[in-house]
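Summary of the model geometry
Each chain, written out:
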Amino acid sequence: MYILLSCAVSLDGYLDDATDERLVLSNAADLDRVDAERAGVDAILVGANTIRRDDPRLSVRSPARRAAREAMGKAATPLKVILSTGDLPSGAAFRADGESLVTSGTVESVVGQLHARGVDRLMVEGGGRVLTEFLTSGLADELQLVVAPFFVGDSAAPRFVHDGRFPWHADHRATLATASAIGNVVLHRYLLSVGAVDRHWLARTIELSLRCPPSTTAFSVGAVVVDASGDEIAWGYSRETDDLVHAEESALAKLAPDDPRLPTATIYSSMEPCSGRKSRPRTCSTLIRDAAIPRVVFAYREPSTFVDGEGAEELTAAGVTVVEYPDLADQVRDANRLQLGG
Ligand SMILES: NC(=O)C1=CN([C@@H]2O[C@H](COP(=O)(O)OP(=O)(O)OC[C@H]3O[C@@H](n4cnc5c(N)ncnc54)[C@H](OP(=O)(O)O)[C@@H]3O)[C@@H](O)[C@H]2O)C=CC1
Ligand SMILES: Nc1c(N[C@@H]2O[C@H](COP(=O)(O)O)[C@@H](O)[C@H]2O)[nH]c(=O)[nH]c1=O
């Protein structure tokens, strides 16, 4: 299940003010973006205090988005999930439109319950206590955090998160995927799970592979090296610096062989690192092993078009962790239509 956390905060990190009125931090364009995110999920989850304080509808608003969901055979608006052990107002607005579920338990058990009901994409909209539970559980894949350009300035107001042990700290930072202005607010998209981070970097390798000079005799591949704190430290693509250079080789050539970040880095490649080369003494698998990189992630296993690739097996046998995302392979095949035909 993909778990997306979404909320808006003030410049001083509050989710609301201390008054009874709901504080809108987003602007109209951002609220429309949130509506589009809602339309793309199977369930929207909030905590009981958000229901008690805001009385939200938690529905998809846009008639076009509701119709599009229905055309796909889904309900017009996703399942509404409320975490609560206490009372909720009987006339709460969330009950008016679509299906809802009031439940309780650990985050793990709630996620298990929703998964069993067929929820594949969950949007958690708050409030602070629920966001804290999801962030500290390590189960969240992505945080969409909107910052509005004003201060609340009142410590009686609810904060973005409560106290807790969060997996991200100064030495283990979350991966910032994008930061974009939406009028006067800024949307930050942070990737939180290993799977979401890996997919982000593989998307970057596929983008890099599109820069390769065309060839019918060698594949177009992109590669990046990411250090333990999540920073990209080198990138490369096939034929970047000469007619024969491979993506991993080109990226690694930009780093000193004894760079202290390499033994804790991950190398991402759109295609399995090569294990046989006619044109160079060392294969990419050998270069990776010589660099002492402990983790390799790729999307597409090399087909036997030019040579029989055994890079994944060779690296695994050498004790390197190898992770493959075959569901992204089609995009790599697309970038290599010239070589693969079709
Ligand atoms: N700016 C924004 O984007 C958003 C702002 N908000 C704001 O956040 C504020 C509310 O945040 P906050 O006070 O932290 O509260 P929450 O909305 O996170 O709700 C907390 C409550 O949810 C119930 N709950 C939480 N976890 C569980 C669990 N695992 N099992 C069962 N019940 C659980 C408990 O209710 P019970 O008492 O029933 O046990 C708990 O007291 C509101 O002011 C709202 O306006 C909310 C969402 C988004
Ligand atoms: N205030 C605030 C948000 N608040 C969230 O939106 C809910 C309101 O939903 P609805 O009644 O369906 O519009 C509210 O209870 C809370 O979960 N969201 C945002 O993106 N930006 C904001 O500024």
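Bear in mind that the values here come from a model prediction, so they are computed numbers and not experimental data. (Residues numbered from 1 in each chain as written. Chains lettered and ligands numbered in written order. Predicted model: local features only at pLDDT ≥ 70, side-chain atom pairs only at ≥ 80, totals over all residues. Heavy atoms only, no water.)

Among the nonpolar cores identified, the biggest contains 29 residues, and Leu-5, Leu-45, Leu-114, Leu-122, Val-124, Phe-134 and Phe-160 are the most heavily contacted of them. Of all the secondary-structure elements, those providing two or more residues to this core are β1 (2–9), β2 (43–47), β3 (79–83), α4 (107–116), β5 (121–126), α5 (128–137) and β6 (142–147). Counting 25 residues, the second-largest nonpolar core is a separate cluster that includes Leu-191, Tyr-300, Ala-329 and Val-332. (Core = buried A, V, L, I, M, F, W, Y, C linked by side-chain atoms within 4.5 Å. Buried < 20%, exposed > 50% of the residue type's maximum accessible area, 1.4 Å probe, protein only. Helix = DSSP H or I, 4+ residues; strand = E, 2+ residues; numbered from the N terminus.)

In the neighbourhood of ligand 2, 16 residues make up the surrounding shell, with Leu-25, Ser-26, Arg-38, Leu-58 and Arg-61 lying closest. Interatomic distance of 3.1 Å between a backbone N/O atom of Leu-23 and a nitrogen atom of ligand 2. Backbone polar atom of Leu-58 to an oxygen atom of ligand 2: 2.8 Å apart, as the coordinates give it. Secondary structure elements with two or more residues in the shell around ligand 2: α1 (28–39) and α2 (48–54). (Near = heavy atom within 4 Å. Polar contact = N/O pair within 3.5 Å; in protein donor to acceptor, adjacent residues only side chain to side chain.)

This next bit is on the site of ligand 1. Neighbouring ligand 1 are 27 residues, the closest being Asp-16, Thr-50, Thr-85, Gly-105 and Glu-133. Here an oxygen atom of ligand 1 and a side-chain polar atom of Arg-52 are 2.7 Å apart. Here an oxygen atom of ligand 1 sits 2.8 Å away from a polar atom, N or O, in the main chain of Arg-129. Contact with the protein chains removes 87% of the 930 Å² of surface that ligand 1 exposes when unbound. Elements represented by at least two residues in the shell around ligand 1 include exactly β1, α2, β5 and α5. It is α2 that provides the largest number of residues to the shell around ligand 1, a total of 6 residues. Counted by class, the shell around ligand 1 contains 8 nonpolar, 12 polar and 7 charged residues. (Areas by Shrake-Rupley, 256 points an atom, 1.4 Å probe, with all protein chains shown as cover. Nonpolar A, V, L, I, M, F, W, Y, C, P; charged D, E, K, R; others polar.)

Entries for the protein in the domain assignment read domain 1 (2–192) and domain 2 (196–340). Here the C-alpha centre of domain 2 lies 37 Å away from the C-alpha centre of domain 1. Each partner contributes residues to the interface: domain 1 has 8 residues there, and domain 2 has 5 residues. Taking both sides of the interface into account, the surface hidden between domain 1 and domain 2 amounts to around 540 Å²; carbon and sulfur atoms contribute 65%. The three residues of domain 1 that bury the most area against domain 2 are Arg-173, Thr-175 and Leu-191, which together make up 61% of that side's buried surface. On inspection of domain 1 and its partner domain 2, the count reaches 0 salt bridges. (Domains from an automatic or database assignment. Contact = heavy atoms within 4.5 Å. Buried area = accessible area lost by both parts, 1.4 Å probe. Salt bridge = Lys/Arg side-chain N within 4 Å of Asp/Glu carboxyl O.)

With respect to the secondary-structure elements, Ser-193 resides in the loop between β8 (185–191) and α6 (194–209). Distance from Ser-193 to Glu-142, taken between C-alpha atoms, is 7.3 Å for residues 51 residues apart in sequence. Excluding residues within four positions of it along the chain, Ser-193 makes contact with Ala-140 and Asp-141. A polar side-chain atom of Ser-193 sits 2.6 Å from a polar atom in the side chain of Asp-141.

Further remarks concern α5. A turn of α-helix holds 3.6 residues, and therefore any two residues three or four places apart point the same way. Burial in α5 covers these residues: Gly-128, Val-130, Leu-131, Thr-132, Phe-134 and Leu-135. Residues of α5 that are buried make contact with β1, β2, β3, α4 and β5. Gly-138 sits one or two residues past α5 and shows a positive phi near 75°.

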